[in-house]
Amino acid sequence: MKPNMRRYSWLALWLTCSAVGAGWLATNRLAELRADFDTDARIAHRVLSQRMAQHDAILATLALLQPAKGSGDAERLSALYPQILEVLQRPEQETWPAAIAPTLNDAEATSRHTRRAVLANENLSSGRYWLVLAAHPLSHGLLIDLKAAMPWGEWPMDGAASAVRATLVHAGASFVIQQGRPESETFPHWRWVAAKVLASASQPLELVLERPLTWRELPLVAMVSWSLVAALLLAGLRNLWHQRVARQRAEELLRVGQVARLNTLGELAAGMAHELNQPLTALLANTQAARRLLDEKPPDVGTARDAMAQAAHQARRAADVVGRLRRLVERPELATQVQPVALGSAVQEALYLLEPELQRRSIQTEVIAEPDLPLVQAEPVALQQIIHNLLMNAVQAMELVSPARRKLHLRWQRQGTQALLVVRDTGTGITSEARARVFEPFFTTREGGLGLGLSLSHSLAEAMGGSLLLAGSPEGMGAEFHLLLPLA
Ligand code: ADP
């Protein structure tokens, strides 16, 4: 993954975490508010229904007791029940007061028929209505004031401060019993509504409760805090992850062997110097002795011949040491360890390991991969070492040119029965004298270079049945190496 993409995926992860957490907090708060609203709605419905039942009970009592008209008994009810504004009685031979007679007559007729109290004057907006019960000899009418009828003592909400708007609705008219939150402060379409007709056969008013919501009711502080906490947690996690990746990379680099091999090579060189020193010193001593013996007058040819035989023996010993070293480097057992390997993945892995080096030196990489390239026959670690060496050489060669020119080009493709990996750089290039010698052991032009990378890579490639070549490129225009490996 490109570093940029990685950054975006962390960002996306943070956004997702924030959204999920904030969403959960908001949902929880809304669920709490909703539960409160539902409870309030249930209580409000119950207490209002009870109040309506009280009116029915008063009328029923009047019809039963039949207090004499004009005795003042009925009128006293208003003192007891503030919502009863007026009590009217109509003996059979009289009529209701003229102003309201039409309304009450109809209601009384219905009441006589249904034998229960009936609502009259249905214009609820004024907050007043008549309740009529037909009886013998006196029919009764109560004028009820809704405002005074409100059971504020048992009402579940604070009538002045509550956000809930409460309305009683009947026959198209409505009466507001609680204002609720002003419209300007609420979201236009974000509200809960609970509507239920009161449990009273005589006064079937519908109680409508509307609970508007505003964004300020969301737990914004908690939501923002969660988002910050998530950012901190993810930043920590990202840091840990980066550290882990860096550590893995370093371990892997060590494994691919740049550092480890240098150490081994150092030891090897020291050991070799030690082992060669002895036969070479003896060789020198023997040849010098032989010359001295031959210079004598007369020359001591017999002893000189012995000294020369000794010298030859020491020279063979030295050759053996060199041969042992060569066998060590060539690793002939590699041929038996090859297995099908994906060349592209090996290159990508090497690139991944060197990513920090490439970035630090602002080297642009261009990768052209042939899709569906078959697997190659290789020993994975040896292949990794070759690619790593080629890339490291390219990086080092480009350190010496201006950053704007640095470009690493990698291409892999099929070539007959082989796979070809091209590694091209825009570094200093290789002079024509050096071209002939780059694969020689210990040939180096770099200060502190060992001159073993290419020779080792060359022998590893051949041991795996492939080859490593230096392609022709104009002098000073960078270098191009070709690695060929048999397809699996
Ligand atoms: P080292 O890197 O230790 O010198 P190598 O065997 O890897 O040993 O390389 C041998 C020499 O080949 C280098 O010193 C350098 O002169 C030359 N060389 C290798 N690769 C490149 C390259 N990509 N561009 C220029 N010169 C290179």
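Quick look at the structure, then. Model, not experiment: these values are computed from the prediction.

What to know about the overall build of the protein chain
When its secondary structure is counted, the protein chain shows 11 helices and 15 strands. At 51 Å, the protein chain has a C-alpha radius of gyration far larger than the 23 Å of a compact globule built from 488 residues. By its C-alpha atoms, the protein chain is 180 × 45 × 40 Å across when sized along the principal axes. Taking contacts inside the protein chain between residues at least 6 apart in sequence as the whole, the part at least 24 apart equals 67%. Surface accessibility of the protein chain: about 26,900 Å² in total, with carbon and sulfur atoms responsible for 58%.

Quick notes on a nonpolar patch on the surface
A cluster of nonpolar side chains, contributed by Tyr8, Leu11 and Leu15, occupies part of the molecular surface with about 330 Å² of accessible area. Classification of Tyr8 as exposed rests on a relative accessible area of 56%.

Some thoughts on the packing of helix α8 (residues 343-360) against helix α9 (residues 380-398)
At a minimum axis distance of 10 Å, the contact between α8 and α9 shows a crossing angle of 40°. In terms of orientation, α8 lies oblique with respect to α9. α9 is crossed by α8, and the crossing has right-handed handedness. On the side of α8, the interface is formed by Leu343, Ala346, Val347, Glu349, Ala350, Leu351, Leu354 and Leu358, while α9 contributes Leu383, Gln384, Ile387, His388, Leu391, Met392 and Val395. The class makeup of the residues in the contact of α8 with α9 is 12 nonpolar, 2 polar and 1 charged.

Let's talk about the packing of aromatic side chains
Within this structure, the stated rule accounts for 4 aromatic pairs. Where Phe439 meets Phe481, the ring centres are 6.3 Å apart and the plane angle is 85°; that geometry is what we call edge-to-face. With a gap of 42 residues between them, Phe439 in the loop between α10 (432-435) and α11 (453-463) and Phe481 in strand β15 (residues 480-486) connect regions that are remote in the sequence. The exposure class assigned to Phe439 is partly exposed, which follows from its relative accessible area of 22%. In this structure Phe481 comes out as buried when scored by relative accessible area, which is 7%. Note that Arg216 overlies the ring of Trp215, its terminal NZ or CZ placed 5.9 Å from the centroid. The ring of Tyr352 carries the charged tip of Arg249 above its face, separated from the ring centre by 4.3 Å.

A short note on the sheet that holds strand β7 (residues 191-197)
With antiparallel pairing, the 4 strands of this open sheet are ordered in space as β6-β5-β8-β7. A single partner strand is all that each edge strand has here, and the edge strands are β6 (173-178) and β7. Ignoring which end each strand starts from, the neighbouring axes of this sheet average 20° apart. Across 7 bridges, the pairing between β7 and strand β8 (residues 206-212) is antiparallel. In the strand pairing of β8, Lys196 is matched with Leu207.

A few points about the nonpolar core
Grouped together as the largest cluster of nonpolar side chains are 47 residues, with contacts concentrated most on Leu343, Leu383, Ile387, Leu391 and Leu408. Elements that contribute at least two residues to this core include exactly α8, β11 (376-378), α9, β12 (407-415), β13 (418-424), α11, β14 (467-471) and β15. With 10 residues, the top contributor of residues to this core is α9. Val87, Ile144, Ala166 and Leu168 belong to the second-largest nonpolar core, a separate cluster that totals 38 residues.

Looking at the site of the ligand
Taken together, 19 residues lie near the ligand, and Asn393, Asp425, Thr444, Thr445 and Leu454 sit nearest. A distance of 3.0 Å separates an oxygen atom of the ligand from a polar atom in the backbone of Leu450. Protein coverage of the free-state accessible area of the ligand, which is 530 Å², stands at 93%. Looking at the shell around the ligand, the elements with two or more residues in it are α9 and α11. For the shell around the ligand, the leading source of residues is α9, giving 3 residues. Residues of the shell around the ligand, tallied by class, amount to 10 nonpolar, 7 polar and 2 charged.

Digging into the pattern of salt bridges
Tallied over the entire structure, the rule returns 13 salt bridges. In this structure, Glu399 and Arg361 form a salt bridge, with 2.6 Å as the shortest nitrogen-oxygen distance. On the criterion of sequence distance, the pair formed by Glu399 in the loop between α9 and β12 and Arg361 in the loop between α8 and β10 (364-369) is long-range, its members being 38 residues apart. Each of Glu357, Arg360, Arg361 and Glu399 takes part in a single network of salt bridges with overlapping partners.

Let's talk about α11
Summarising burial for α11: 8 of the 11 residues are buried, a large majority. Every buried residue of α11 is listed here: Leu454, Ser455, Leu456, Ser457, Ser459, Leu460, Ala461 and Ala463. Gly465, located one to two residues past α11, shows a positive phi value of around 85°.

Structural notes on helix α3 (residues 101-114)
The terminal C-alpha atoms of α3 lie 20 Å apart, and with 14 residues this matches the ideal 20 Å at 1.5 Å per residue to within 8%. Every buried residue of α3 is listed here: Ala101, Leu104, Ala107, Glu108 and Ser111. Summarising the axial view, the buried residues of α3 lie within an arc of 135°, below the 170-degree limit, and thus occupy one face. More than 90 degrees from the buried face of α3, the exposed residues found are Pro102, Asp106 and His113. Looking at the packing, one finds that the buried side of α3 touches β1 (84-91), β2 (118-120), β3 (128-133) and β4 (138-145). Arg115 occupies a position one or two residues after α3 and carries a positive phi of about 65°.

A look at the sheet that holds β14
Taken together, 5 strands build an open sheet; the order of strands is β10-β12-β13-β15-β14 and the sheet is mixed. Every other strand in the sheet has two partners, leaving β10 and β14 as the edge strands with one partner each. Between one strand axis and the next, the sheet turns through 15° on average, direction left out of account. Here β14 runs beside β15; their pairing, made up of 5 bridges, is antiparallel.

Procedures and definitions
- Residues numbered from 1 in each chain as written.
- Predicted model: local features only at pLDDT ≥ 70, side-chain atom pairs only at ≥ 80, totals over all residues.
- Heavy atoms only, no water.
- Helix = DSSP H or I, 4+ residues; strand = E, 2+ residues; numbered from the N terminus.
- Rg over C-alpha atoms; globule rule 2.2 N^0.38 Å.
- Contact = heavy atoms within 4.5 Å.
- Areas by Shrake-Rupley, 256 points an atom, 1.4 Å probe, with all protein chains shown as cover.
- Patch = residues over 30% accessible without salt bridge, like charges linked within 9 Å, V, L, I, M, F, W, Y side chains within 5 Å.
- Salt bridge = Lys/Arg side-chain N within 4 Å of Asp/Glu carboxyl O.
- Buried < 20%, exposed > 50% of the residue type's maximum accessible area, 1.4 Å probe, protein only.
- Axes fitted to C-alpha atoms, helices over the stretch in contact; angles between N-to-C directions.
- Parallel < 35°, antiparallel > 145°, perpendicular 65-115°, else oblique.
- Left-handed = near helix turned anticlockwise from the far one by under 90°.
- Nonpolar A, V, L, I, M, F, W, Y, C, P; charged D, E, K, R; others polar.
- Phe/Tyr/Trp six-rings, centres within 6.5 Å; stacked < 30°, edge-to-face > 60°.
- Lys NZ or Arg CZ within 6 Å of the ring centre and 35° of its normal.
- Pairing = 2+ DSSP bridges.
- Core = buried A, V, L, I, M, F, W, Y, C linked by side-chain atoms within 4.5 Å.
- Near = heavy atom within 4 Å.
- Polar contact = N/O pair within 3.5 Å; in protein donor to acceptor, adjacent residues only side chain to side chain.
- Expected span 1.5 Å × (residues − 1).
- Arc of directions from axis to C-beta.

In short, geometric facts, not functional conclusions.
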